[in-house]
Amino acid sequence: MLISQNFRTAFRGLTANKLRSALTILGIVIGVAAVVALMAIGNGATSSITSSITSNGTNLISVSAARSRPNAGTPAQFSVVTYDDYTALKAGLSNVSGIAPAYQSSYDVKQDNQSLRVQVVGATDDYFTIHPSTTVELGRNLNASDNSALNRVAVIGSQTSSDLFQGLSPINKDIKINGVNFKVVGVLKQQDSSGFQNPNDTVIIPLETGYTKLFGANAIHDGKRILSSVTLSASSAEAVDKVMSQADTIMRRQHKLLPTDTADYNVSSQSQILSTLSTVTTTLTIFLGAIAGISLLVGGIGIMNIMLVSVTERTREIGLRKAVGARKDHILLQFLIETITLSVIGGVIGILLGAGIAATFTALGLITATVSASSVLMSFFFAVAIGVFFGLYPAFRAANLHPMEALRYE
Amino acid sequence: MIQIDQLTKVFTMGENEIRALDNVSFSIDKGEMLALMGPSGSGKSTLMSIVGCLDVPTSGSYVLDGSPVEHMTDTQLADVRNKKIGFVFQQFNLLARTSALENVLLPLGYTGLGGRASKEKALKALAMVGLQDRIDHHPSELSGGQQQRVAIARALVNDPAIVLADEPTGALDSKTGAEIIGLFQSLHQDFGQTVILVTHDPFIARHTDRIIRLADGKIVSDAPNPTPLKAGTPRPNGED
């Protein structure tokens, strides 16, 4: 029996009952489409998170305040990272290529009659060296003398610029932050969103100016100036762990913690965040794939169900084929080719549908879903394997029918 | 052509043993046309399925065209059915949605014969049954008699040693039935084809040269019929 003949027979068998074949295929189509689309969306999420974190540099370490709860049952205490902590870190750390303190809070920013609520960051010139993706497109950066002279100057994000100035050049124009006048000296280049906040909607001012003219009592705790975070840049990827432990030691001394106390601050590295996030997104992708895989399995059971019905319906045909000389393996192959044909058609339609769903997500701008060759191949072969696996039992049933009994079957 | 010696077939139904065939012996020569008769339960169908290599005997020997078949495996039996036996059934058993030509080609697919050679053989077989004009018709477009002719062409396509026809006229009206019997007679007379008609109908049986009667798994008579009826002879009154 030629294989091409088998395929012709299979097609004839399947087209004999088009609606039933279509419904059977649907299970596989949905399963494969779900695997392809969900894997694509999962991969897209992983790569977008990864790229936004690595764009800030992976050697960055952040020291920030944490809630601490010294004893169980007592209310959480709010501790702070102070400007003194920053000076101690700056003095005590080695293997560090940059250190940038920052205080941020949101304020109403006005220009003419435009008003916006924007995240205002008080920073030193180090902020720009430590965040290489934050660069000035128009005008200039903040510099050291802006801080020492308490200049009321600001660098604004591209989004803030277009919102406040509607395309006009903002350079040397005044804006009012919480009623205080600042002069715009620079506009930042547009950056990719990192997901948590829009980096293009921001105003950066000199930290010292902020303390004296803007932040007021909010930025003072127990008579000390406080910071939202201190960002460190390790001189190399290998130095990250060492710098983190040094920072930890200095912070413990600064906060006068006993060795048994839990830390009231966080020291975290970008690479740590990255690996945590990529573990989460990988798990999520596998999880999504597994759910989709279950629907593929259900589709396979649907195929088996239909093939069992088909074997019963075609008992006399099987008997006749055996009477005219079909061997067991001929019958086995005939039914197996039918299920494989079903699942291959379903697999191909499913891959196209899944890629279509992924493309729709990308087109809508929800997420850049990337259909990977591996997910396509995997789901295709999984679909074929399901066809073989769930086709084998009905095919064996057909092949093992007794020819005489099959011929007499009513 | 066929030598059957002390053939016995026992079916086990739970605790009961049923002797469907009990020590049956006979032989058939090449070119004979004979009828295998008996009421239902006589073992006629069991004998037919063993002769047709659809089943194997419990004991006894069966030599078909020089080769003993009683101990053959399933695969070997399939091969024997394919090359040496042509079946014709009461219900035609044609594949629906498949043309007459493709129905006739079916056994050749299992022979492993190439496309052109098998098509020639199939066209020749269809011409032998007078259906050369109907090769592209599907069974639903053919009359009962034409469908049975397609089935006969399918039985003949591999040039079998024997044609085994199980109640071939059972589903046809008497006129069409007579045509089918006539076709078997001409295959026998003009081409020397060995034909076994399995029937319960004595009138049909009388169209052959020899009648074997079975009852309760045994042969009760095996006699030549020196004056076979010509196809188309009216059925005598009272005979059913």
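Residues numbered from 1 in each chain as written. Chains lettered and ligands numbered in written order. Predicted model: local features only at pLDDT ≥ 70, side-chain atom pairs only at ≥ 80, totals over all residues.

*Asks:* Help me out: how do you make sense of the overall build of chain B in this one?
*Replies:* When helices and strands are tallied, chain B shows 7 helices and 10 strands. Here the C-alpha atoms of chain B give a radius of gyration of 18 Å, agreeing with the 18 Å that 2.2 N^0.38 yields for 240 residues. Projected onto its principal axes, the C-alpha positions of chain B cover 50 × 50 × 35 Å. Taking all 240 residues of chain B together, the buried fraction comes to 45%. Contacts in chain B between residues far apart in sequence, at least 24 positions, make up 67% of those at least 6 positions apart. (Helix = DSSP H or I, 4+ residues; strand = E, 2+ residues; numbered from the N terminus. Rg over C-alpha atoms; globule rule 2.2 N^0.38 Å. Buried ≥ 20, exposed ≤ 12 C-beta atoms within 10 Å, placed from the backbone. Contact = placed C-beta atoms within 7 Å.)

*Asks:* What exactly am I supposed to notice about the overall build of chain A here?
*Replies:* Of the regular secondary structure elements, chain A holds 13 helices and 15 strands. At 33 Å, chain A has a C-alpha radius of gyration far larger than the 22 Å of a compact globule built from 410 residues. Considering only intrachain contacts with a sequence separation of at least 6, the fraction spanning at least 24 residues in chain A is 82%.

*Asks:* I would appreciate a short explanation of the sheet that holds strand E9 (residues 210-215) of chain B in the present structure.
*Replies:* Residues and elements named next belong to chain B. In spatial order, the strands read E6-E7-E8-E3-E9-E10; together these 6 strands make up an open sheet with mixed pairing. Looking at strand neighbours, the two that pair on one side only are strand E6 (85-88) and strand E10 (218-224), the edges of this open sheet. Averaged over all pairs of adjacent strands, the angle between strand axes in this sheet comes to 15°, irrespective of strand direction. As judged from the 5 bridges shared by strand E7 (residues 162-166) and strand E8 (residues 194-199), these two strands associate in the parallel manner. Across the sheet, residue Ile 162 finds its bridge partner in E8, namely Thr 194. (Pairing = 2+ DSSP bridges. Axes fitted to C-alpha atoms, helices over the stretch in contact; angles between N-to-C directions.)

*Asks:* Just checking my understanding: could you explain helix H3 (residues 100-111) of chain B for this structure?
*Replies:* One turn of an α-helix holds 3.6 residues; hence residues three or four places apart share an orientation. Most of H3 of chain B sits inside the fold, with 10 of its 12 residues counted as buried. Among all positions in H3 of chain B, only Ala 100, Glu 102, Asn 103, Val 104, Leu 105, Leu 106, Pro 107, Leu 108, Gly 109 and Tyr 110 of chain B are buried. Buried-residue contacts for H3 of chain B involve helix H1 (3-15) and helix H11 (328-363) of chain A together with helix H2 (74-84), helix H4 (115-128) and helix H5 (144-156) of chain B. Immediately downstream of H3 of chain B, the backbone of Gly 112 of chain B shows phi near 85°, a positive value.

*Asks:* In this structure, what is going on with the packing of helix H2 (residues 18-54) of chain A against helix H9 (residues 270-313) of chain A? I would like to understand it.
*Replies:* All names here are of chain A. The N-to-C vectors of H2 and H9 enclose an angle of 175°; their axes lie 8 Å apart at closest approach. Judged by the inter-axis angle, H2 sits roughly antiparallel to H9. Each residue belonging to the contact of H2 with H9 can be placed in one class, and the counts come to 20 nonpolar, 18 polar and 1 charged. (Parallel < 35°, antiparallel > 145°, perpendicular 65-115°, else oblique. Nonpolar A, V, L, I, M, F, W, Y, C, P; charged D, E, K, R; others polar.)

*Asks:* I tried to follow the sheet that holds strand E2 (residues 16-28) of chain B on my own but got confused; where do I start?
*Replies:* One key point about sheets: their strands pair by backbone hydrogen bonds, in either a parallel or an antiparallel sense. All names here are of chain B. On the basis of which strands lie adjacent, the open sheet formed by 4 strands has the order E2-E1-E4-E5 and antiparallel pairing. The two strands at the open ends of the sheet, each matched to only one other strand, are E2 and strand E5 (67-68). Of the pairings in the sheet, the one linking strand E1 (residues 2-13) to E2 comprises 9 bridges and is antiparallel in character. In the sheet register, Val 10 faces E2, and the bridge partner there is Arg 19.

*Asks:* Would you mind showing me how to read the environment of Pro 199 of chain A here?
*Replies:* All names here are of chain A. Relative to the helices and strands, Pro 199 resides in the loop between strand E10 (180-188) and strand E11 (202-206). Assessed through the 22 C-beta atoms surrounding it within 10 Å, Pro 199 is described here as buried. Separated by 11 residues in sequence, Pro 199 and Leu 188 have C-alpha atoms that sit 9.6 Å apart.

*Asks:* I would appreciate a short explanation of the interface of chain B and chain A in the present structure.
*Replies:* How big an interface is tends to be expressed through the accessible area that disappears when the partners come together. With 20 residues of chain B at the interface, the matching set in chain A holds 18 residues. When contributions to the side of chain B that touches chain A are tallied by element, the ones reaching two or more residues are H2 and H3 of chain B. A per-element tally of the side of chain B that touches chain A places H2 of chain B first, with 6 residues. Considering only residue class, the side of chain B that touches chain A consists of 8 nonpolar, 6 polar and 6 charged.

*Asks:* Explanation requested: the environment of Ile 291 of chain A in the structure shown.
*Replies:* Tracing the backbone shows Ile 291 of chain A in helix H9. Taking the number of C-beta atoms within 10 Å as the measure of exposure, Ile 291 of chain A has 12 and is therefore exposed.

*Asks:* Which parts of the structure should I look at to understand unusual backbone geometry?
*Replies:* Glycine aside, the phi torsion of most residues is negative, and most peptide linkages are trans. The backbone of Phe 92 of chain B sits at a positive phi, close to 65°, despite the residue not being glycine. Tracing the sequence through the fold places Phe 92 of chain B in the loop between E6 and H3.

*Asks:* Help me understand the nonpolar core in this model?
*Replies:* As a rule of thumb, soluble globular proteins bury nonpolar side chains together. Within the largest apolar cluster, 118 residues are counted, with the highest numbers of intra-cluster contacts made by Val 36 of chain A together with Ala 153, Ile 196 and Leu 197 of chain B. Broken down by element, this core gets its largest block of residues, 15 residues, from H2 of chain A. Here Leu 197 of chain B is in contact with Ala 35, Leu 36, Ala 165, Pro 168, Phe 184, Ile 204, Ala 205 and Thr 208 of chain B, once residues within four sequence places are set aside. (Core = buried A, V, L, I, M, F, W, Y, C linked by C-beta atoms within 7 Å.)

*Asks:* Got a minute to help me understand H11 of chain A in this structure?
*Replies:* Compared with an ideal rise of 1.5 Å per residue, which puts 36 residues at 52 Å, H11 of chain A spans 52 Å between its outermost C-alpha atoms and is within 8% of the ideal. Where H11 of chain A ends, the next residue or the one after it, Gly 365 of chain A, has phi of about 75°, a positive value. (Expected span 1.5 Å × (residues − 1).)

*Asks:* Just checking my understanding: could you explain the confidence of the model for chain B for this structure?
*Replies:* Do not read the predicted coordinates in detail wherever pLDDT is low. For chain B, per-residue confidence averages 91 on the pLDDT scale, and residues scoring 70 or more make up 99% of the total. Here the predicted complex scores 0.71 on pTM and 0.92 on ipTM. (pLDDT = per-residue confidence, 0-100.)

*Asks:* Just to check I follow, could you spell out the packing of H9 of chain A against helix H12 (residues 373-399) of chain A for this structure?
*Replies:* Geometry of a packed helix pair, given as the angle between the helix axes and the separation of the axes. Residue and element names in this part refer to chain A. At a minimum axis distance of 9 Å, the contact between H9 and H12 shows a crossing angle of 25°. One element, H9, and the other, H12, form an angle in the roughly parallel class. Here the hand of the crossing between H9 and H12 comes out right-handed. Residues Leu 296, Gly 300, Ile 301, Ile 303, Met 304, Met 307, Leu 308 and Val 311 of H9 form the contact with H12, whose own contacting residues are Phe 382, Ala 383, Ile 386, Gly 387, Phe 389, Phe 390, Gly 391, Tyr 393, Pro 394, Arg 397 and Ala 398. Tallied by class, the residues present in the contact of H9 with H12 amount to 15 nonpolar, 3 polar and 1 charged. (Left-handed = near helix turned anticlockwise from the far one by under 90°.)

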